[in-house]
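Listed below, chain by chain, are the residues.
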Amino acid sequence: MAYVRGNLAVRPERQQQRTPKYRQTKKTVTRKAALPTREKLLYLLTVLLCATIAFFIISRYAHIYNTNLQVQEMKRTTVALQNEASVLRVEIEKLSDWKRIEQFAKENGLITPDQPLEIEVYKQAGNE
């Protein structure tokens, strides 16, 4: 069979069609429409509002914490100063003893007179 084209006398061999082993199906995917701009802005503003409120609350807690630290430090300082004041009061009592003052004065050259001296004090006119 040398010449096949155009010759009606020769029947061309049919090619067998292959049957597919799987079935093709088209799946239509529907896309949801994107959110409208107003709704996006509403969500954005809601998130920003929540973040602002959270920031405000956290900053107030930080301020309260710092204030409590300052109060505790002041209490510690007050207790220390009260302790120091009580120690100084005891020292004042010790130094105010008349016997100690007299002894200290004699050691530094105080001479007591044999006779008591009389001091006269006159009342001035106008000073009452």
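Reading the values: rules and limits
- Residues numbered from 1 in each chain as written.
- Predicted model: local features only at pLDDT ≥ 70, side-chain atom pairs only at ≥ 80, totals over all residues.
- Heavy atoms only, no water.
- Helix = DSSP H or I, 4+ residues; strand = E, 2+ residues; numbered from the N terminus.
- Buried < 20%, exposed > 50% of the residue type's maximum accessible area, 1.4 Å probe, protein only.
- Salt bridge = Lys/Arg side-chain N within 4 Å of Asp/Glu carboxyl O.
- Patch = residues over 30% accessible without salt bridge, like charges linked within 9 Å, V, L, I, M, F, W, Y side chains within 5 Å.
- Areas by Shrake-Rupley, 256 points an atom, 1.4 Å probe, with all protein chains shown as cover.
- Polar contact = N/O pair within 3.5 Å; in protein donor to acceptor, adjacent residues only side chain to side chain.

> Help me understand the overall build of the protein, please; the structure alone is not making it clear to me.
Check the secondary structure of the protein and you find 2 helices and 0 strands. Taking all 128 residues of the protein together, the buried fraction comes to 1%.

> Explain the pattern of salt bridges here, please?
Between side chains of opposite charge, pairing is possible as soon as their charged atoms come close. Per the counting criterion, the structure on display carries 2 salt bridges. Across the pair glutamate 73 and arginine 76 runs a salt bridge, and its minimum N-O distance is 2.9 Å. Here arginine 76 and glutamate 73 lie together in helix α1 (residues 37-95), a separation of 3 residues that amounts to about one turn. In this structure, glutamate 102 and lysine 106 form a salt bridge, with 3.5 Å as the shortest nitrogen-oxygen distance. Here glutamate 102 pairs with lysine 106, and both are found in helix α2 (residues 98-107), just 4 residues apart, close to one helical turn.

> Looking at this model, I keep getting lost on a nonpolar patch on the surface. Mind explaining?
Judged by side-chain polarity, Leu49, Ile53, Phe56, Ile57, Tyr61 and Ile64 come together as a nonpolar surface patch covering roughly 640 Å² of accessible area. Assignment of secondary structure puts tyrosine 61 in helix α1. For tyrosine 61, a relative accessible area of 57% puts it in the exposed group.

> Is there a simple way to think about the environment of glutamate 120 in this case?
Locating glutamate 120 in the fold gives a position in the segment after α2. Of note is the side chain of glutamate 120, whose polar atom sits 2.4 Å from the side chain of tyrosine 122.

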